[in-house]
Amino acid sequence: MRKSNPFFYSFLSTPLGTTIIGWQNDLLAAFVLPQPSPEKAFHYLQSYHLPQHDSFKLETQLPWPDFSDKVNAYFSGEKVGFSEPITIDQFSDYTRQILNVTKNIPWGEVKTYQQVAQLSSQKRAYRAVGQALHRNPIPLIIPCHRVVAKSSLGGFGYGLDWKLRLLTLEKFQS
DNA sequence: TACACCACGCGAT
DNA sequence: ATCGCGTGGTGTA
């Protein structure tokens, strides 16, 4: 009989809506951008490709004491960097590589899909970069909104309005 | 294998 | 503005 392997999550309400923070073994594994209802937020969580788990377990306390304050600070426009340990082991080498490169883009800076590709092992695979970022289960903490196309915003899983909102929080315009 | 799909970039209309 | 093509990772069968 194998040990149960739950996926832990917690709701966090912000002025912009309800977010979900998800983790396993004290490693950050998922983040859901603010939604109008907890149900919608949970729906997003379920749509993610998450690490192996056999159940969901709702917790009231996060493994990182100041994380929720940092999230709220971010949404109120403060310059916040996230350093909590994450897990993205469920993805291929390539996807992990792209997510790791993206994780290192600081608050207030952007890179193009092409620039991210050039920092990876496949210098010309800028389309694959977009595909990898589309699977990002930890937006904000892995700041995929800071990767834009050379002459437009590019795309965003939550809709371009969200991408623009996040970039605007970080002082970008249009 | 073989396809189709894609959050791109570039050059030619 | 729009089109067509190169490009490469991934999912599906």
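Residues numbered from 1 in each chain as written. Chains lettered and ligands numbered in written order. Predicted model: local features only at pLDDT ≥ 70, side-chain atom pairs only at ≥ 80, totals over all residues. Heavy atoms only, no water.

Peer 1: Looking at this model, I keep getting lost on the protein's contact with DNA strand C. Mind explaining?
Peer 2: In the vicinity of DNA strand C, the residues found are Ser-92, Tyr-94, Thr-95, Gln-122, Ala-125, Tyr-126, Arg-127, Ala-128, Gln-131 and Arg-135. A breakdown of the atoms of DNA strand C within 4 Å of the protein gives sugar and phosphate a share of 61%. The separation between a phosphate oxygen of DNA strand C and a polar side-chain atom of Thr-95 is 2.8 Å. With respect to DNA strand C, the side chain of Arg-127 contributes an N or O atom lying 2.6 Å from a base oxygen. Looking at the surface near DNA strand C, the elements with two or more residues in it are helix 3 (93-103) and helix 5 (126-134). Looking at the surface near DNA strand C element by element, the count peaks at four residues for helix 5. In terms of residue class, the surface near DNA strand C is built from four nonpolar, four polar and two charged. (Near = heavy atom within 4 Å. Polar contact = N/O pair within 3.5 Å; in protein donor to acceptor, adjacent residues only side chain to side chain. Helix = DSSP H or I, 4+ residues; strand = E, 2+ residues; numbered from the N terminus. Nonpolar A, V, L, I, M, F, W, Y, C, P; charged D, E, K, R; others polar.)

Peer 1: Just to check I follow, could you spell out the nonpolar core for this structure?
Peer 2: General note: in soluble globular proteins, nonpolar side chains tend to be found buried as a group. Leu-45 and Phe-75 are the most contacted members of the largest nonpolar core, which has 51 residues in total. Take this core: its biggest share by element is six residues, from strand 3 (residues 27-35). Contact partners of Phe-75, with chain neighbours within four places excluded, come to Thr-14, Leu-16, Phe-31, Leu-33, Pro-34, Leu-140, Trp-162, Leu-166 and Leu-169. (Core = buried A, V, L, I, M, F, W, Y, C linked by side-chain atoms within 4.5 Å. Buried < 20%, exposed > 50% of the residue type's maximum accessible area, 1.4 Å probe, protein only. Contact = heavy atoms within 4.5 Å.)

Peer 1: Any chance you could explain the domain arrangement of chain A here in plain terms?
Peer 2: How big an interface is tends to be expressed through the accessible area that disappears when the partners come together. According to the domain assignment, chain A contains domain 1 (6-75) and domain 2 (93-169). Each of domain 1 and domain 2 has a C-alpha centre, and these two points are 21 Å apart. Listed as interface residues are 14 residues of domain 1 and, on the opposing side, 14 residues of domain 2. For the pair domain 1 and domain 2, the two sides together bury roughly 1400 Å², of which 72% comes from carbon and sulfur. Together, Phe-31, Leu-33 and Tyr-74 form the three largest contributors to the area buried by domain 1 at its contact with domain 2, with a combined 48%. Where domain 1 touches domain 2, the interface holds zero salt bridges. Linking domain 1 with domain 2 are four residue pairs in polar contact (both at pLDDT 80 or more), by the criterion used here. When residues of the side of domain 1 that touches domain 2 are traced back to their parent elements, those giving at least two are strand 3 and helix 2 (67-75). Ranked by residues supplied to the side of domain 1 that touches domain 2, first place goes to strand 3 with eight residues. (Domains from an automatic or database assignment. Buried area = accessible area lost by both parts, 1.4 Å probe. Salt bridge = Lys/Arg side-chain N within 4 Å of Asp/Glu carboxyl O.)

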